[in-house]
Amino acid sequence: MLLPNQRVEIVQYCRQMQADELTVGTSGNLSVRYGDHIAITPSGVPYENLTAASICVVDLDGRPVEEGLAPSSELPMHTRVYAETDAVAVVHTHPLYATALSTLVDELPAIHYMVALLGGPVRVAPYATYGSPELAEGSVRALAGRYGVILQNHGATTYGDTLEKAYTRSIYLEWLCRLYHQAQLLGQPRLLPPEEIERVARMLGGYGQNPLGHGTNSDPVFPLPRSEPAGHH
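Conventions adopted
Residues numbered from 1 in each chain as written. Predicted model: local features only at pLDDT ≥ 70, side-chain atom pairs only at ≥ 80, totals over all residues. Heavy atoms only, no water. Phe/Tyr/Trp six-rings, centres within 6.5 Å; stacked < 30°, edge-to-face > 60°. Helix = DSSP H or I, 4+ residues; strand = E, 2+ residues; numbered from the N terminus. Buried < 20%, exposed > 50% of the residue type's maximum accessible area, 1.4 Å probe, protein only. Lys NZ or Arg CZ within 6 Å of the ring centre and 35° of its normal. Pairing = 2+ DSSP bridges. Core = buried A, V, L, I, M, F, W, Y, C linked by side-chain atoms within 4.5 Å. Contact = heavy atoms within 4.5 Å. Axes fitted to C-alpha atoms, helices over the stretch in contact; angles between N-to-C directions. Left-handed = near helix turned anticlockwise from the far one by under 90°. Nonpolar A, V, L, I, M, F, W, Y, C, P; charged D, E, K, R; others polar. Parallel < 35°, antiparallel > 145°, perpendicular 65-115°, else oblique. Expected span 1.5 Å × (residues − 1). Arc of directions from axis to C-beta.

Chemist: I keep staring at the packing of aromatic side chains and nothing clicks. Help me out?
Modeler: This structure, assessed with the given rule, holds two aromatic pairs. Ring geometry for tyrosine 13 versus tyrosine 167: centroids 5.1 Å apart, planes at 55°, classification tilted. Remark: tyrosine 167 occurs in helix H5 (residues 163–186) and tyrosine 13 occurs in helix H1 (residues 4–19); sequence separation between them is 154 residues. No difference in accessibility class separates tyrosine 13 from tyrosine 167, as the two residues are buried. Considering the side-chain rings of tyrosine 147 and tyrosine 159, the 5.3 Å spacing of their centres and the 65° angle between planes classify their relative orientation as edge-to-face. Taken as a pair, tyrosine 147 in the loop between helix H4 (133–142) and strand S7 (148–151) and tyrosine 159 in strand S8 (residues 155–160) lie far apart in primary sequence, twelve residues in all. Comparing tyrosine 147 with tyrosine 159, the two get one shared label, buried. Across the ring face of tyrosine 147, the terminal group of arginine 169 is positioned such that the distance to the ring centre comes to 3.8 Å.

Rendered as structure tokens:
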């Protein structure tokens, strides 16, 4: 079985994603890249029924390399993110607050300095049918210079150089969306200026005990993302 460790890790985070209410039913999907292969959740399988053997393995173009279940319908978005960024893991969720905001705003603003973990204010990608090339393209464009994107009338996607980091960014993104929602109920929230977000991003990049609970000053856990997708250089 290819990528056994990655498969086990994906199953673990799928269960956690359900517990953290980042998804509902069988929606949402996770993937991890290792070399020229990608391990990704299958389509339409309840998370409680997932096993390591359930996880699909495809090549970088999305072609299956082992017999098994059909991969997630969002495979095109995952492969595109890997092609255009330095991602090692991608987490796609359907969280309540991020999805609700996606129907109302074009960007999650700098409501809190922790938006720096995502590279800055998070853009909302235009709506496109799930699983479509258009959704994949729009997601990557909105990810430029960011570690996360909100998908209009759909959900959210984050990435990182480990599945733990990608998942943690999904947690923070949903928390920030909820914070913005709560603040808007009370009035017009004060926002932080870009220079403060840049300052915090530099501080987090060299912080010894970071929000993930590991890392050293010589090994930044949250490096600044590329200013544009890799394929557009």
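Chemist: Just checking my understanding: could you explain the sheet that holds strand S4 (residues 89–93) for this structure?
Modeler: Pairing between the strands of a sheet is mediated by backbone hydrogen bonds and can be parallel or antiparallel. Ordered in space as S3-S2-S1-S4-S8-S7-S6-S5, the eight strands form an open sheet in which the pairing is mixed. Pairing within the sheet leaves two strands with one partner each, and these edge strands are strand S3 (56–59) and strand S5 (107–108). With four bridges connecting them, strand S1 (residues 29–34) and strand S2 (residues 37–40) associate as antiparallel partners. The residue bridging arginine 33 from the neighbouring strand is isoleucine 38, located in S2.

Chemist: Please explain the nonpolar core as it appears in this structure.
Modeler: Note that soluble globular proteins tend to have their nonpolar side chains buried in a common cluster. One finds Leu108, Val122, Ile150, Leu173 and Cys177 to be the most contacted residues of the largest nonpolar core, which totals 24 residues. Of all the secondary-structure elements, those providing two or more residues to this core are helix H3 (96–102), strand S6 (122–125), H5 and helix H6 (194–205). Those residues in contact with cysteine 177 that sit more than four places away from it in its chain are Tyr97, Ala98, Leu101, Leu108 and Ile150. Of all hydrophobic cores here, the second largest spans 21 residues; its members include Val81, Ala142, Tyr147 and Leu151.

Chemist: Honestly, the packing of helix H2 (residues 75–84) against H4 in this entry has me stumped. Any pointers?
Modeler: A packed helix pair is summarised by two numbers, namely the angle formed by the two axes and the spacing between the axes. Across the interface, H2 lies against H4 with an axial gap of 8 Å and an inter-helix angle of 35°. With respect to the hand of their crossing, H2 and H4 are arranged in right-handed fashion. Contacts between H2 and H4 pair Pro76, Met77, Arg80, Val81 and Glu84 from the former with Ala136, Glu137, Ser139 and Val140 from the latter. Classifying every residue of the contact of H2 with H4 by side-chain character gives five nonpolar, one polar and three charged.

Chemist: What is the right way to read H2 from this model?
Modeler: Structurally, the α-helix is built with 3.6 residues per turn, so residues lying three or four positions apart point the same way. Buried residues dominate H2, accounting for seven of its ten residues. When H2 is considered as a whole, its buried residues turn out to be Leu75, Met77, His78, Thr79, Val81, Tyr82 and Glu84.

Chemist: In this structure, what is going on with the packing of H1 against H5? I would like to understand it.
Modeler: Running from N to C, H1 and H5 cross one another at 15°; their axes reach a closest spacing of 11 Å. By the angle between their axes, H1 is roughly parallel relative to H5. Taken as a pair, H1 and H5 cross one another with a handedness that is right-handed. Facing Glu9, Ile10, Tyr13, Gln16 and Met17 of H1, the residues of H5 in contact are Leu163, Glu164 and Tyr167.

Chemist: Sorry if this is basic, but what is going on with H6 here?
Modeler: With twelve residues, H6 ought to run about 16 Å at 1.5 Å a step, and its terminal C-alpha atoms sit 16 Å apart, in line with that. By the burial criterion, the buried members of H6 are Ile197, Val200, Ala201, Leu204 and Gly205. Looking straight down H6, one finds that the buried residues subtend no more than 135° of arc, so they occupy a single side. Those residues of H6 that are exposed and angled more than 90 degrees off the buried face are Arg202 and Met203.

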